[in-house]
Amino acid sequence: MSQFKKTSLNQSQIQKRISALLLKSKDICQQRLNRQLTQNQTIDQFIAQTPSLPKKIVDRFFITDKSLHISAEIFGETRRSLHEVREILNGFSREKRFFILETVDFFRNPTYIDKVLPALLNPAETDQKKEMLEFVYHTFRTLNKNIETIISNPTLIEKESIHIERGGLYSFSSDIARLIIRFFDQQFIKQYSHFSSDIAIITEIFKKSPDALIPNLIDNESKLRQLTLSFISSIQTHDFLLLYAQKRHAYYKLFLKNIAVKYEIKGLEPIQINQILAGCLLRNPQLAPGDSLITRLTTEEHLKNSQTEKEYGRFVDQLIPSTVFSIIEDFKRSARTILDPKVVKKQVDKENRLLKKVFTPGFIRKKIKQSFRT
C-alpha cells in the first residue's frame, strides 16, 4: 500500500478529477504529436543514435569572468580532468555510453558539476570543504542505497550470474567508499577500524551530517580538489557503472509495470489507478502510447486481462530510463493532486501549464537525483 494522505473527496468527485486529467492528457499528447514534440523513438533507436560528447559540454563550465582571479593552474587542472572523463566516455560503446549518461551524467545535470565547480575552481571565494563534502556525501549515500535495493530484489539479479552481478555492484560501491576514506584525516578513520569493509566505514561515518563531518576532513585544499576530481571520474567511468545503470533501469521498469497490476492507493479503485497511469503515459515526451493500450488501461472490462498486462509491459520495455522515472514521478504527483481536496483551480491550471514544458531531458535529469538518480 502506497503512502498517500486520506482524502475527504467522494468517489464521484474523484472520478470527475480523473476524467479531467485523462481528457487534458489526451489533448497534450495530440498537441505534442501535431507539433512533432514527441520523439516517438524506442530505447533501441536512442541507443543507436547516441552521440559522442562534444568538447563544449565541458568547456561551457569554464567560460568565466577573468576578474574572479581564478588560479590558472587550478583552472587548467580541473578542465583537463573533466575532459579526460569525457574522452573515456566517448571511448565506450554507444550502449554503454547511453546507459551511463541516462544514470550518472555529471556534465548535464546542474545539481552536480554546477554545484561543486565553484569550490573546485575558486576555493578562496567559497566554502570549499562544505561544497565538496556535500557533493560526495549525497552522491555516495544515494548510490549505495540503490545498490542495496537492487541486490535485495531477487528478480533483478540473473540466477546464472548472481555472484558476478552482486560482486560487481559491491565492487562499485566499495571502490568509491575506499576513495572517500582518503578525504578524511586518518586519525579520524582509525576510530572505525573495527568495521569489516570500506563500505561499512563510510556508511557509518555518513550517518552524521556533512556539517558535523567537516572538521574531520584533511586540511589540504589542493588534495581535496584532486580527490573530488578523482571521485567524479571514478563514478562516471567505473567498470561496473553499466551493470548498475542497467539494473537500476530494470528496477524502475518493474516498479512502473507493477503500478498497473499491484499498486494500491487508499481512496482509489484499481481502475482509477490505471486511468491516472494512462494519463501519465500520454504525457510522456518519448513515445506516444497506442489507442489500444490506453483503452485497455482505462476500461473496467480490460482491467484484469492478461493481454492488457502484456501490451503495457511491451510499451514500458521501449522506454528509456529517464522517461520511466518521469512517468513514475508524474503518476505520484497526479495521484496526490487527485486526492487532495485543497487543490484549487488556480493550482491545477499551474500544474497543467507545467506539464507542457517540464518533461525535457534536462528537467528529468534534475528531478531524478531526488530518488534514484545517481
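Up top is the structure.
Conventions and cut-offs
- Each chain has its residues counted from 1, running along the sequence as written.
- In view of the model being predicted, local features appear only for residues whose pLDDT reaches at least 70, and side-chain atom pairs are presented and counted only at 80 or more, with totals across whole chains, interfaces and linings using the full set of residues.
- Hydrogens and waters are ignored; side-chain quantities use all the structure's heavy atoms.
- Strands here are runs of E lasting at least two residues and helices are runs of H or I lasting at least four, both read from the DSSP assignment and numbered beginning at the N terminus.
- Any residue under 20% of the maximum accessible area for its type is buried, any over 50% is exposed, and the rest in between are partly exposed; the area is computed with a 1.4 Å probe on protein chains only.
- Two residues form a contact once any of their heavy atoms are found within 4.5 Å.
- Only the protein chains shown count as cover for residues, with accessible areas throughout obtained via the Shrake-Rupley method and a probe of 1.4 Å.
- Only one rule defines a salt bridge in this text: a Lys or Arg side-chain nitrogen within 4 Å of an Asp or Glu carboxyl oxygen.
- Every angle, taken between N-to-C directions, lies between 0 and 180 degrees, and every axis is a line fitted to C-alpha atoms, over only the stretch in contact when it is a helix.
- Convention used here: angles under 35 degrees read as roughly parallel, angles over 145 as roughly antiparallel, angles from 65 to 115 as roughly perpendicular, and any remaining angle as oblique.
- Whether a crossing is left-handed or right-handed is set by the direction in which the near helix is turned from the far one by less than a right angle, anticlockwise for left-handed and clockwise for right-handed.
- Two N or O atoms count as a polar contact when they lie within 3.5 Å, although within protein this holds only if one can serve as hydrogen donor and the other as acceptor, and sequence-adjacent residues are included solely when both atoms are side-chain atoms.

Draft legend 1. Molecular detail of the overall build of the protein chain. The helix and strand inventory of the protein chain stands at 19 helices and 0 strands. Burial status across the protein chain gives 51% buried among its 374 residues. Long-range contacts, defined as pairs at least 24 residues apart, comprise 78% of the intrachain contacts of the protein chain with a sequence gap of at least 6. With the model as given, the accessible surface of the protein chain reaches about 18,800 Å², and the carbon-plus-sulfur share is 50%.

Draft legend 2. Representation of the pattern of salt bridges within the structure. Within this structure, the stated rule accounts for 16 salt bridges. Across the salt bridge formed by Lys-253 and Asp-317, the nearest N and O atoms sit 3.2 Å from each other. Separated by 64 residues along the polypeptide, Lys-253 in helix H13 (residues 241-261) and Asp-317 in helix H16 (residues 306-317) bring together distant segments of the chain. Overall, the relative accessible area of 31% leaves Asp-317 in the partly exposed class. Asp-317 serves as the salt-bridge partner of Lys-257, at 2.8 Å between the closest nitrogen and oxygen.

Draft legend 3. Here's a closer look at the packing of H13 against H16. Orientation of H13 relative to H16, taken along the N-to-C sense of each, is 155 degrees, at an axis distance of 10 Å. Regarding the angle of H13 to H16, the classification is roughly antiparallel. Read as a crossing pair, H13 and H16 show a hand that is right-handed. Every residue of H16 that contacts H13 at Lys-253, Leu-256, Lys-257, Ala-260 and Val-261 is listed here: Glu-309, Tyr-312, Gly-313, Val-316 and Asp-317.

Draft legend 4. Geometry of the side chain of Gln-286. For Gln-286, the position within the fold is in the loop between helix H14 (270-283) and helix H15 (291-298). Given the relative accessible area of 0%, Gln-286 is considered buried. Polar contacts involving the side chain of Gln-286 include one to the side chain of Thr-323, which spans 2.8 Å. Setting aside residues no more than four positions away along its own chain, Gln-286 makes contact with Thr-38, Gln-39, Asn-40, Gln-41, Thr-42, Ile-43, Phe-46, Gln-318, Leu-319, Ile-320 and Thr-323.

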